[in-house]
Structure formats: structure tokens, C-alpha cells
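These are the residues of each chain, in order.
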Amino acid sequence: MIIKKGCGKVKFTNKLTRLLGILLIITMSLLVGCNEETSPVGGTINSNNENLNIDLDEDNTTKENTSESNDNNEIKEKDKDEDIEDNNIKVNGNLEVHYIDVDQGDAILIKQDDSNMLIDAGDNAYGDRVVNYLKSNNVTHLDYVVGTHPHADHIGGMDDVINTFDIGKVIMPQINHNTKTFEDVITAIKNKGLKITTPKVGDTYEIGDASFIILAPNSDSYSNLNDYSVITKLMYGNNSFMFTGDAEVESERETVNNNQGLKSDVLKVGHHGSDTSTTPEFLNAVDPKYSVIQSGTGNKYGHPVQSTLTKLQNKNIEIYRNDLSGDIIATSDGNAIIFNTNPSEASPKQSTAPPEIDKEQTSNIEDNETKYIGNKNSKIFHLTDCSNLPNKKNRSYFDNKDEAINSGYRGCKICKP
Ligand SMILES: [Zn+2]
Ligand SMILES: [Zn+2]
């Protein structure tokens, strides 16, 4: 009996040791597992961003005992190797970022492998334009739809998009807006059985081999609807793109203070290039090589303003503008970014030139007895003196209304031709 008990005890101790051993192995593999899980995102960020690199290091030290610091270093070195491998693999495909011309408004399509994402969908009148643009780019599903904030020039066309495509996650800030445009979007979301995901700063999502991180909004309430704008940073290999919606001074300040690593190659300039965005502090933190401004030709707000253009020019940032170039497509192979068009030459001297060019264009048109000008992209036609005329290269000309309508165009809501 005693011996048996003794044996039992020995067995028990063996079991305990085994159990402890297994637990240790599980713990170790979990720790390694955690690192592996974060490594694709961390890897992308590592190559871009020093701030997040520091964050990851801090994570490692807080999670593990200091006595295991040697193991830590080994894990980190392993991760580095994996990152390099990952980058080599990722470089094989392309990431496309389409800044769609929706006149005065935002709409951005992101494509990587078979994954698609849409940030904003332009004004109500441009819903069809956005839907057709996506279709012509072989989009059947959108893994993510981001409505940066409830203003019509951003979510106006969103209901059309939601009704047309298979939709994964809808990300929108937690703020209601008492407009029919906003209600239409909410109805479309509900009718499709979708839910709204509230953006949380620091949350990261994968889109093919790319990923994006939420950087704003950083507060629950703002006096200005624009400051609710969801700011995201998209990362692909060594390249990165920042999307800001209409975020203004307050949100920019919070985002800089939160310091999640803002450095990006391409900045979608906030609020259509208005002087209420693009503070020097924010621009310094993002420090982009390229900038894209989504604004409409001859818009009534005067966007983009010269002071914003000057800020960009002073830092030698290339400026791409939808109002001057139509659709703008940036393609990244993970290392370099190529644009489908030349940057706009909006130097302070030349910025006074566009009205002259417009006059020239108008006089040419009058000579040709053209009565209506169509936008080849949006399929909307205007009177020749409309404030919302498209860029010259996107124009089609009509002598009469029937000609425009028979060509599939419809009248502009502003000039009512
Ligand atoms: Zn806007
Ligand atoms: Zn807005």
C-alpha cells in the first residue's frame, strides 16, 4: 500500500512535470505564435515606420520576462528574416489606388490581388459613375467600404455602391446626420443585412497582401462633422498611403499627438485642399513624397486654396489633382509608386493660369458653336459656362441636348442644361 502510494506519488510528480513541460511548450509556442501573427503587419510597418517599430519592441518586453531577453532577441531576429522573405513575396503583385474623379467630392478604390476597398463614393449624382468605374475595373465585391464622414460629397453615392456589390465590412464613424443622403446609406446598409463597424484607432485590417490601420477619429465627439473623418493608412511592402477624408485642424492635432506612425509616401490631402486642413505639424508627420487633391473643376469653395498648395510645394511634394487630371491611379509594386498621369504644375505663378486656360477653352468652344460640354467619366453634361466643367481631356462636346442624351449623358444639377 505504502509503496503503491509512493509509486502513485512518483507517477503524480512525473505527470506534474510532464504537465508543466507541456504548459511551458504551449506558452512558448503561443508567444512565438503571437509574434508570427503580428509579423506581417509589423513587417510592413517596420520597413516604413520607426514609431511603430518602437511600439512593437515595447510589446515584446512587457509580454515577456527580462530573463528571457536572449530568446526575445532570437525571436525578433527570426521575425526580421521572415519580414524580408514576406516583402520579397509581396513585391510580386501590385497595389492600385484609384482616386476617382467625382468632381467636388472623394471616392477612392483600392485593389490588391482579389481584394477591394472603397473609401467614400462621391456625391449623390456620382453614384452611377462610381459604380460603373468599379465595374469597369472588374470589381464584384468590396471587402471594405469606408464612409469617412456623413457629408454628401463623401457618402452620397454610397447607397448605390452598397446596393450593387457584395459588401464585407462597412466602416463609418459613430455619428448621425439628419439628411436624406445619410438615411439612404443607413437604409441600404440595413436592407442588405450589414452592420456598421465603428473605427477604433490602432485597429488593423488586411486587404490582400496589404493592410490598413485606423488613425482617427481619436475622440467621441467633435463640434465639426469633418473632424469625425476616418483617417486610414494603407501599407504595402515599403509603400504607404494616407487617407484623411475631410479631417480638419483638431483631428489632425490629435492624430499627430497619438503618434501611431504617420509617415506615408502618398497623402490624400484633407478636405479637398481647404485651408482648414493640412497643418504644418500634420504635414511634417506624414512627410509625403506625393499628394492627391480630390476637388472639382471651378468648385464654389475655391478648393484647393493656394496656401495649401504652397505648403506642399515648399516641401517639394508632387501634387496630383482630380480637377486638372481626371482619374488618378497610383500603382505600387511594394517598392515604387507610379502614377498614370503627370503631377499638376500648380506653382504659385501658374495657379493664376487656369482661369486663362478656361477662357481659352470657352472661346474655342464658342467658335465651334458647341452648346454643351459632357464629362466623359461621369456622363453628365453641362452648359458651357457651368462652374462644374470637367477637365479638358475628359470633355465631350455636343451641339444640342438630344445629342448629349442619346449618347447616354444626363444634365448637370447645377447649371440645369
Ligand atoms: Zn468633403
Ligand atoms: Zn465634409
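Residues numbered from 1 in each chain as written. Chains lettered and ligands numbered in written order. Predicted model: local features only at pLDDT ≥ 70, side-chain atom pairs only at ≥ 80, totals over all residues.

Trainee: So what exactly am I meant to see when it comes to the overall build of the protein here?
Mentor: Scanning the protein for helices and strands turns up 13 helices and 19 strands. Burial statistics for the protein: of 417 residues in total, 42% are counted as buried. Relative to all contacts within the protein whose residues are 6 or more apart in sequence, the contacts with residues 24 or more apart total 69%. (Helix = DSSP H or I, 4+ residues; strand = E, 2+ residues; numbered from the N terminus. Buried ≥ 20, exposed ≤ 12 C-beta atoms within 10 Å, placed from the backbone. Contact = placed C-beta atoms within 7 Å.)

Trainee: Before we go on, may I ask you to explain the sheet that holds strand β19 (residues 410-411) in this structure?
Mentor: Sheets are built from strands paired through backbone hydrogen bonds, the pairs being either parallel or antiparallel. What the four strands build is an open sheet, ordered β18-β16-β17-β19; its pairing is mixed. The outermost strands of the open sheet, each flanked by one partner alone, are β18 (395-398) and β19. The pairing of strand β16 (residues 372-375) with strand β17 (residues 380-383) spans four bridges and is classified as antiparallel. Residue pairing across strands places G374 opposite F381, the latter belonging to β17. (Pairing = 2+ DSSP bridges.)

Trainee: Whenever I open this one, the confidence of the model for the protein confuses me. Can you help?
Mentor: As a note on interpretation, predicted positions should not be read in detail where pLDDT is low. Averaged over every residue, the pLDDT of the protein is 79; residues scoring 70 or more account for 72%. The low-confidence segment residues 23-89, where pLDDT is below 50, has 40 contacts with residues more than four positions distant or belonging to other chains. (pLDDT = per-residue confidence, 0-100.)

Trainee: Would you mind going over the environment of S387 with me for this structure?
Mentor: Counting through the fold element by element, S387 comes out in the loop between β17 and β18. With 88 residues separating them in the primary sequence, S387 and N299 have C-alpha atoms 6.5 Å apart. Not counting residues within four places of it along the chain, the set of residues in contact with S387 comprises G298, K300 and I414.

Trainee: Before we go on, may I ask you to explain the sheet that holds strand β9 (residues 231-236) in this structure?
Mentor: The strand order across the open sheet formed by seven strands is β7-β8-β9-β10-β11-β12-β13, and the pairing between neighbours is mixed. For this open sheet the edge positions go to β7 (204-207) and β13 (318-321), each flanked by a neighbour on one side alone. If you compare each strand with its neighbour and ignore which way they point, the axes differ by 20 degrees on average. Where strand β11 (residues 266-268) and strand β12 (residues 290-293) come together, three bridges link them in parallel fashion. Looking at β12, one finds that K268 is bridged to V292. (Axes fitted to C-alpha atoms, helices over the stretch in contact; angles between N-to-C directions.)

Trainee: Can you help me understand unusual backbone geometry in this one?
Mentor: For residues besides glycine, phi is generally negative; the peptide bonds are generally trans as well. The linkage connecting A216 with the following residue, P217, adopts the cis geometry, with an omega of 10 degrees. Residues H303 and P304 are joined by a peptide bond in cis, for which omega reads -5 degrees. Along the polypeptide, P304 turns up in the loop between β12 and α10 (306-314). One non-glycine residue, D113, adopts positive backbone phi at about 55 degrees. As for its placement among the helices and strands, D113 is situated in the loop between β2 (107-112) and β3 (115-121). Residues other than glycine seldom take positive phi values, yet D120 does so here, at roughly 65 degrees. With respect to the helices and strands, D120 occurs in strand β3.

Trainee: What's the story with the pairing of β16 in this structure? I'm lost.
Mentor: As a general feature of sheets, a regular strand has side chains that alternate between the two faces. Residues Y372 and G374 of β16 are buried on one face, and the alternating residues I373 and N375, pointing to the opposite face, are buried as well. The sheet contact formed by β16 and β18 spans four bridges and is antiparallel. In the strand pairing of β18, G374 is matched with S396.

Trainee: Please clarify how the pairing of strand β4 (residues 141-146) should be interpreted in this entry.
Mentor: With three bridges connecting them, β3 and β4 associate as parallel partners. If you follow L118 over to β4, its bridge partner there is V145. As for the winding sense of the linkage, the β-α-β connection from β3 through helix α4 (residues 127-136) to β4 is right-handed. As defined by bridge partners, β4 adjoins strand β5 (residues 166-171) across five bridges and the pair is classed as parallel. (Right-handed = clockwise from strand over helix to strand, strands pointing away.)

Trainee: I keep staring at the environment of V130 and nothing clicks. Help me out?
Mentor: Following the sequence through the fold, V130 ends up in helix α4. What V130 contacts, discounting residues up to four positions off in sequence, is I100, V102, A107, A121, G122, G157 and V161.

Trainee: Quick question: what am I supposed to make of helix α8 (residues 249-258) here?
Mentor: Working note: α-helix, 3.6 residues per turn, so residues spaced by three or four point in the same direction. The set of residues buried in α8 consists of S251, E252 and T255. For α8, the angular spread of the buried residues around the axis is 100 degrees, confining them to a single face. The secondary structure elements touched by the buried residues of α8 are β8 (210-216), β9 and α9 (280-286). One or two steps after α8, the chain reaches N259, where phi turns positive at roughly 55 degrees. (Arc of directions from axis to C-beta.)

Trainee: How do you make sense of the nonpolar core when you look at a structure like this?
Mentor: Across soluble globular proteins, nonpolar side chains show a tendency to be buried alongside one another. The biggest cluster of nonpolar side chains holds 76 residues, and the ones touching the most others in it are I100, I108, L118, V130 and V145. Considering every element that reaches this core, the biggest residue donor is β8, with six residues. Ignoring anything within four residues of it in the chain, the contact list for I100 reads A107, I108, L109, V130, Y133 and D327. (Core = buried A, V, L, I, M, F, W, Y, C linked by C-beta atoms within 7 Å.)

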